[in-house]
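Observations on the three-dimensional arrangement
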Amino acid sequence: MTDLAPPTEAPRSLASGRSALAVPPAEGLARRTISDNLAREILISERFRAQLLAGAFGGALIAFLALSASYPGAMAEFFHSRLDRVRVGLLLGGFAAYELVALRGVEKLIQSRKKPPAARRYVDTLVETSLPTLAIIYYMSIVEPFEALLLPPAFVYFVFILLSTLRLDPKLCIFSGIVAATEYTLLAFFTLQGATARAGSPLASAAHHLGKALILLGSGVAAGFVARRLEKGFRRTLESLEDRGRILSVFGQHVSPAVVEQLLAQKADVRSELREVCVMFLDVRNFTAFAERKSPEEVVGYLNALFDFMIESVNAHHGIVNKFLGDGFMAVFGAPLRGDNDCKNAIEAALEIVARLEALVADGSIPATRVGIGIASGKALIGNVGSSERKEYTVIGDVVNVASRVEGLNKELGSQILVTARVFEACGLDLPEAAATAPLHVRGRKEPVRIFRLA
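As named in an unreviewed UniProt entry, the chain is Adenylate/guanylate cyclase domain-containing protein, taken from Polyangium sorediatum.

In structure tokens form, the structure reads like this:
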């Protein structure tokens, strides 16, 4: 196993819990990434809306031209008037072409990863919400103006207000409601001023049309609340994915899903701090001799078979595998999440690893294998260390050095699990097979260390 020699004590400037080595989390970059991803999702939603409207207008144009040519009498009876095929065709075709142009613009923005100008989005909303107004104005030229205000185009305003939620911008939704309410109010006002207004008719009541305009405005406000809720949902999802990716990039793919969920729930900080931790070193015995007789594929398969259940045991006891060291690894208990009793968790994980290893050897699943495990506890500097391009969650301190040296003593004592007296006394477990050794000298330390042999 690679010989580790971390500093025997943390720098004094770090005693407050902050590390000069730590790279501050790139919160600004993360926020920009989330904003960029959200902007992309909004553009994808805008693309869908443009596709929907272009298809609707194009389909309506084709259907109108086909039906008006094949069944002109039926169309005139249905609309209570003979429609001008040229003007209606230009209206529907013009809006279909407009949506196709808008769709092309959105596609370019998605490819270039740029955000659409705010003014352009408001212009698009104004143009689209004005379609029912133009349709009503056309109907006023062929039927009674008051009747035009009651025909289907007046209800198409609600369709565009509803579709505005796909922009995921509450302001645009409210703007759509304002445009619809304002344009309908103006149409009603000029109709009321016309000579064809019939006294005593409910349709001649300003309150009647004002009420409809207020409903349109309220619909825009309601759509704004829906859009806001959708936008928040998108943002929360993206933040969750960003946080999950950040955790996995810092702690590695070998972190258990349960630990990831806890880190997400607790918003765990990875800035450097001094903390009491329990460190485990594990080494596979006689691995070099084994590897010399096997192919690379067999060696990798063997290590994967071992590490699979070993990592599972570490995770199950609230630890994380912090580093792989060729034929072994270093695990940490108490960071990034604290357990109820980290020393107890580390010992239980070690005992489980040895028990499962012996069971696999006994049933012939793996060749005869022994491991050496060393466990020590103490203060350590933990945190995210590295650069903006690559960071690593690491543990630095004398406890790492001691755990590594204790693991190495297994070779001299013919044991598989050795722990320091501090770990043994803190674990609170009843371990009748534990045996204390005479104080041993550990390389790198002046004072001898009391050791307990557990297996």
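Now that the structure is up, let's keep going.
Section: the pairing of strand β6 (residues 417-420)
Residues of β6 alternate between two faces, with Ile417 and Val419 on one and Leu418 and Thr420 on the opposite face, all of them buried. For β6 and strand β8 (residues 451-453), the ladder comprises 3 bridges, and the chain directions are antiparallel. What sits directly across from Val419, in β8, is Phe452.

Observations regarding the nonpolar core
Membership of the largest hydrophobic core comes to 40 residues, with the highest contact counts inside it found for Met280, Met310, Phe329, Ile373, Ile375 and Val419. Put simply, the parts of the chain that give this core at least two residues each are β1 (273-284), α11 (287-292), α12 (296-316), β3 (328-333), α13 (342-362), β4 (371-386), β6 and α15 (421-427). The biggest single contributor to this core is α12, with 9 residues. Contact partners of Ile373, with chain neighbours within four places excluded, come to Met280, Phe281, Leu282, Ala350, Ile353, Val354, Glu407, Asn410, Gln416, Ile417 and Leu418. One finds Val279, Ala335, Ala376 and Val395 within the second-largest nonpolar core, a separate group that totals 21 residues.

With respect to the pairing of β1
Residues in a regular strand point their side chains to alternate faces of the sheet. Here β1 lies mainly inside the structure; 9 of its 12 residues are buried. Pairing of β1 with β3, which is carried by 6 bridges, proceeds in the antiparallel orientation. Bridged to Phe281 within β3 is Met330.

Description of the packing of aromatic side chains
Within the structure shown, the criterion is met by 8 aromatic pairs. With centroids separated by 6.3 Å and ring planes inclined at 20 degrees, the aromatic side chains of Phe57 and Phe160 adopt a geometry described as stacked. Of the two residues, Phe57 sits in helix α1 (residues 27-70) while Phe160 sits in helix α7 (residues 156-163), which places them 103 residues apart along the sequence. Each member of the pair, Phe57 as well as Phe160, is classed as buried. A ring pair is formed by Phe424 and Phe452, whose centres lie 4.0 Å apart and whose planes are at 10 degrees; its orientation type is stacked. One end of the pair, Phe424, is in helix α15; the other, Phe452, is in strand β8, with 28 residues separating them in the sequence.

Quick notes on the environment of Val395
As for its position among the elements, Val395 is in strand β5 (residues 391-396). In sequence terms Val395 and Gly383 are 12 residues apart; their C-alpha atoms lie 6.9 Å from each other. Once residues lying within four places of it in the same chain are set aside, the contact partners of Val395 are Val277, Asn322, Lys323, Met330, Val332, Ala380, Leu381, Ile382 and Val400.

Things to note about the UniProt feature "transmembrane region" (unreviewed entry) in the chain
Per the UniProt record, "transmembrane region" (unreviewed entry) is found at residues 52-74, 86-103, 123-142, 148-165, 172-190 and 210-227. Taken end to end, residues 86-103 comprises 100% helix and 0% strand; its first and last C-alpha atoms sit 25 Å apart. Along residues 148-165 the backbone is 50% helical and 0% strand, and the end-to-end C-alpha distance reaches 27 Å.

Section: helix α4 (residues 118-129)
When the terminal C-alpha atoms of α4 are compared, their 17 Å separation across 12 residues agrees well with the 16 Å that a helix rising 1.5 Å per residue should span. What α4 keeps buried is the set Arg121, Asp124, Thr125, Glu128 and Thr129. Along the axis of α4, the buried positions cluster into a sector of 115 degrees, meaning they face one direction only.

Notes on helix α14 (residues 398-413)
The first and last C-alpha atoms of α14 sit 23 Å apart over 16 residues, in line with the 22 Å expected at 1.5 Å per residue. Within α14, 12 of the 16 residues are buried, leaving the element largely enclosed by the surrounding structure. For α14, the set of buried residues is Asp398, Val399, Val400, Asn401, Val402, Ala403, Ser404, Arg405, Val406, Glu407, Leu409 and Asn410. In the stretch just after α14, Gly414 is the one whose phi turns positive, near 65 degrees.

A few points about the packing of α4 against helix α8 (residues 170-192)
Axis separation between α4 and α8 bottoms out at 9 Å; the angle between their running directions is 35 degrees. In this structure, α4 crosses over α8, and the sense of that crossing is right-handed. Contacts between α4 and α8 involve Arg121, Tyr122, Thr125, Leu126 and Thr129 on the former and, on the latter, Lys171, Leu172, Phe175, Ser176, Val179, Ala180 and Glu183. For the contact of α4 with α8, a count of residues per class yields 6 nonpolar, 3 polar and 3 charged.

Some points on the side chain of Arg121
Turning to its location among the elements, Arg121 is positioned in helix α4. Its relative accessible area of 11% is what places Arg121 among the buried residues. Of the polar contacts made by the side chain of Arg121, one reaches the side chain of Asp169; its length is 3.5 Å. Those residues in contact with Arg121 that sit more than four places away from it in its chain are Ile42, Glu46, Pro116, Arg167, Asp169 and Leu172.

Criteria and cut-off values
- Residues numbered from 1 in each chain as written.
- Predicted model: local features only at pLDDT ≥ 70, side-chain atom pairs only at ≥ 80, totals over all residues.
- Heavy atoms only, no water.
- Buried < 20%, exposed > 50% of the residue type's maximum accessible area, 1.4 Å probe, protein only.
- Helix = DSSP H or I, 4+ residues; strand = E, 2+ residues; numbered from the N terminus.
- Pairing = 2+ DSSP bridges.
- Core = buried A, V, L, I, M, F, W, Y, C linked by side-chain atoms within 4.5 Å.
- Contact = heavy atoms within 4.5 Å.
- Phe/Tyr/Trp six-rings, centres within 6.5 Å; stacked < 30°, edge-to-face > 60°.
- UniProt positions renumbered as here; feature names shortened; annotations may be inferred.
- Expected span 1.5 Å × (residues − 1).
- Arc of directions from axis to C-beta.
- Axes fitted to C-alpha atoms, helices over the stretch in contact; angles between N-to-C directions.
- Left-handed = near helix turned anticlockwise from the far one by under 90°.
- Nonpolar A, V, L, I, M, F, W, Y, C, P; charged D, E, K, R; others polar.
- Polar contact = N/O pair within 3.5 Å; in protein donor to acceptor, adjacent residues only side chain to side chain.

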